[in-house]
Amino acid sequence: MRTSHAVRFGRTAPGIVVTDLATALDFYCGVLGMTKTFENGDPVGFVIVERDAAELHLSLDPSHRPSTINVAHLIVDDATALHDHLVAAGVRIVKGVRDHDFGLRAFVLADPFGNRIDVGEPI
C-alpha cells in the first residue's frame, strides 16, 4: 500500500485515559492551565481540554492502570518555567529537565493517574 505524500497531516490530539474526570480537570485545567472545550456522555465520560495549539482528549476508564511509556508529547516555549511551576505545584517529575543532543530541553511529568507526558522546548 502506498501513502499519498500530497496529504498534509495537521496537529494531533492524543487520548489520555483517566480514572476520575474531576481530578483530571483539576490537574489539566487547574495546574496546566488548559480549558475544557467539550464534554460528552451522560454521565460525562469524555472531555477535550485545550491550551494554545495543544489539545488532549481525556477518556474515563475506572480500571485504567498507569504505564511506563509516554502517552503524549507537548512542545512548549519555556520548558524550564513549566517544570518549575509543576514542581512548585507538587506534580511528580519522572525525568528532570535537561538539554538533549536531539535539540530539545525536555522533562517528563506524571499526571495524577500515572500517565507520563514528555514536555519539550526546541533549543
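Residues numbered from 1 in each chain as written. Predicted model: local features only at pLDDT ≥ 70, side-chain atom pairs only at ≥ 80, totals over all residues. Heavy atoms only, no water.

Caption draft 1: Seen up close, the sheet that holds strand 4 (residues 54-60). With mixed pairing, four strands are arranged side by side in an open sheet as 1-4-3-2. Edge positions in the sheet fall to strand 1 (15-18) and strand 2 (35-41), since each has one partner strand and no second. Direction aside, neighbouring strands of the sheet carry axes that sit 25° apart on average. Across six bridges, the pairing between strand 3 (residues 44-51) and strand 4 is antiparallel. Pairing of Val-49 across the sheet is with Leu-56, part of strand 4. Those strands touched by helix 1 (residues 21-31) are strand 1, strand 2, strand 3 and strand 4, and its axis lies near 0° from that of strand 3. (Pairing = 2+ DSSP bridges. Helix = DSSP H or I, 4+ residues; strand = E, 2+ residues; numbered from the N terminus. Axes fitted to C-alpha atoms, helices over the stretch in contact; angles between N-to-C directions. Contact = heavy atoms within 4.5 Å.)

Caption draft 2: Fine view of the nonpolar core. Core analysis: the largest hydrophobic core is formed by 23 residues, its most contacted members being Ile-16, Tyr-28 and Leu-109. Counting residues per element, the ones that place at least two in this core are strand 1, helix 1, strand 3, strand 4, helix 2 (79-88), strand 7 (104-110) and strand 8 (116-122). Per element, the largest residue contribution to this core is four residues, and it comes from helix 1. With near-sequence residues (within four places) excluded, Tyr-28 lies in contact with Ile-16, Gly-33, Met-34, Val-49, Leu-56, Leu-58, Asp-111 and Ile-117. (Core = buried A, V, L, I, M, F, W, Y, C linked by side-chain atoms within 4.5 Å. Buried < 20%, exposed > 50% of the residue type's maximum accessible area, 1.4 Å probe, protein only.)

Caption draft 3: Region of the structure containing the pattern of salt bridges. Evaluated as defined, the whole model comprises five salt bridges. A salt bridge links Asp-52 to Arg-51; the shortest N-O distance between them is 3.8 Å. For Asp-52, a relative accessible area of 74% translates into the label exposed. Accessibility expressed as a relative area gives 43% for Arg-51, which makes it partly exposed. Members of the salt-bridge network, linked through shared partners, are Asp-99, Arg-105 and Glu-121. (Salt bridge = Lys/Arg side-chain N within 4 Å of Asp/Glu carboxyl O.)

Caption draft 4: Main features of the packing of aromatic side chains. Applying the stated criterion to the full structure yields two aromatic pairs. Here Phe-27 and Tyr-28 contribute two aromatic rings whose centre-to-centre distance is 4.9 Å and whose plane-to-plane angle is 85°, an arrangement assigned as edge-to-face. For the residue pair Phe-27 and Tyr-28, the accessibility class agrees, reading buried in each case. With a centroid separation of 6.2 Å and an interplanar angle of 70°, the aromatic rings of Phe-38 and Phe-46 are classed as edge-to-face. Judged by relative accessible area, which is 38%, Phe-38 ranks as partly exposed. (Phe/Tyr/Trp six-rings, centres within 6.5 Å; stacked < 30°, edge-to-face > 60°.)

Caption draft 5: Molecular detail of the sheet that holds strand 8. Pairing is mixed across the open sheet formed by four strands, whose spatial order is 5-8-7-6. Each edge of the open sheet carries a strand with a single partner, namely strand 5 (70-75) and strand 6 (92-99). Averaged over all adjacent pairs, the angle separating strand axes in this sheet is 15°, with direction ignored. By the bridge criterion, seven bridges tie strand 7 to strand 8 in an arrangement that is antiparallel. Across the sheet, Val-108 pairs through a bridge with Asp-118, a residue of strand 8.

Caption draft 6: Expanded view of helix 2. For helix 2, every residue scored as buried is listed here: Ala-79, Leu-82, His-83 and Leu-86. End-on view of helix 2: buried residues confined to an arc of 100°, all on one side of the axis. Elements that come into contact with the buried residues of helix 2 comprise helix 1, strand 6, strand 7 and strand 8. Of the residues that open helix 2, the one with a side-chain oxygen 3.4 Å from the backbone nitrogen of Thr-80 is Asp-78. Positive backbone phi, approximately 85°, marks Gly-90, located one or two places after helix 2. (Arc of directions from axis to C-beta. Polar contact = N/O pair within 3.5 Å; in protein donor to acceptor, adjacent residues only side chain to side chain.)

Fair warning: the whole summary comes from geometry, so function is off the table for now.
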